[in-house]
Amino acid sequence: MHDDHHHYGHDHSDDHHHGPNGHHPHPVGHNGPAGKPLQWQTPHLPHDHSHKPTDPRTTDLDLVETAFLEGFSRAPDPSSFLRLAGIPFVGETTDGLRLHLLRVETQDMVDVGSVMPLIGGAGVTYHPLPAKLTSRRRRLAFVYHDGTGQRPLDFGEARLLADRSGATQITMPGSGQ
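Overview of the structure. Just so you know, these numbers come straight off a predicted model, no measurement behind them.

1. Considerations on the nonpolar core
Side chains that are nonpolar tend, in soluble globular proteins, to be buried together.
Here's step 1: Ranked by size, the top nonpolar core spans 15 residues in total, and within it Phe-68, Leu-82, Ile-87, Phe-142 and Tyr-144 carry the most contacts.
Here's step 2: Broken down by secondary-structure element, the contributors of at least two residues to this core are helix H1 (61–72), helix H2 (78–85), strand E2 (98–111), strand E5 (135–145) and helix H3 (155–160).
Here's step 3: Every residue in contact with Phe-68, bar those within four places of it in the chain, is listed here: Phe-81, Leu-82, Ala-85, Leu-140, Phe-142 and Phe-155.

2. Considering the environment of Ser-114
Here's step 1: For Ser-114, the position within the fold is in strand E3 (residues 113–117).
Here's step 2: Given the relative accessible area of 25%, Ser-114 is considered partly exposed.
Here's step 3: Residues Ser-114 and Val-124, 10 residues apart in the sequence, show an inter-C-alpha distance of 9.8 Å.
Here's step 4: Those residues within four positions of Ser-114 in sequence are excluded, and the remaining contacts are Thr-125, Tyr-126, His-127 and Leu-129.

3. So, H1
Here's step 1: With 12 residues, H1 extends 16 Å from end C-alpha to end C-alpha; this agrees with the ideal 16 Å at 1.5 Å per step.
Here's step 2: Considered for burial, the residues of H1 that qualify are Phe-68, Leu-69, Gly-71 and Phe-72.
Here's step 3: Looking at the buried positions of H1, the neighbouring elements they touch are H2, E2, E5 and H3.

About the cut-offs
- Residues numbered from 1 in each chain as written.
- Predicted model: local features only at pLDDT ≥ 70, side-chain atom pairs only at ≥ 80, totals over all residues.
- Heavy atoms only, no water.
- Core = buried A, V, L, I, M, F, W, Y, C linked by side-chain atoms within 4.5 Å.
- Buried < 20%, exposed > 50% of the residue type's maximum accessible area, 1.4 Å probe, protein only.
- Helix = DSSP H or I, 4+ residues; strand = E, 2+ residues; numbered from the N terminus.
- Contact = heavy atoms within 4.5 Å.
- Expected span 1.5 Å × (residues − 1).

Just geometry here; none of it tells us what the structure is for.
So this is what it looks like as structure tokens:
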């Protein structure tokens with residue numbers, strides 16, 4: 001055992017080097033090159049624990065959404081970009097409700113101040129943020145119509161809709177049809 005962990009099958013031949021304290025020198029990332037972590041470790045789970053298979057449509061969704069935001073704003077053909085990203089023009093929820101895409105909304109936000117409640121709940125205190133503590137965020141929404149009103153969906157929700165984008169007819173409530 002070295003540094004509170006085991007190395008099984010380690011070859012301790014003559015060309016195997018130990019650090020100055022008699023232990024193996026371990027760089028960041030443990031068994032990889034110095035300064036370059038190889039991976040995040042998964043905590044040890046009980047042997048009877050089963051891993052849920054991940055839905056590939058949700059892997060790194062935050063990074064995919066960021067790439068979508070950057071590309072969509074510059075796309076010469078927004079409709080084709082939506083198709084490429086798997087965003088349906090007519091989508092269907094798991095309970096069979098049809099939604100029709102009206103617009104894509106993007107919003108840039110910069111946080112430049114903060115408020116904190118006062119002790120006792122008698123009010124709040126406001127503090128402008130120094131430049132290094134300001135933060136920039138972007139928000140994305142796909143605004144669909146559900147037959148009665150508008151319904152904004154986030155990137156993940158829109159991608160999970162079943163694509164029913166063929167030509168459709170919308171029957172409005174109270175139209176007598």
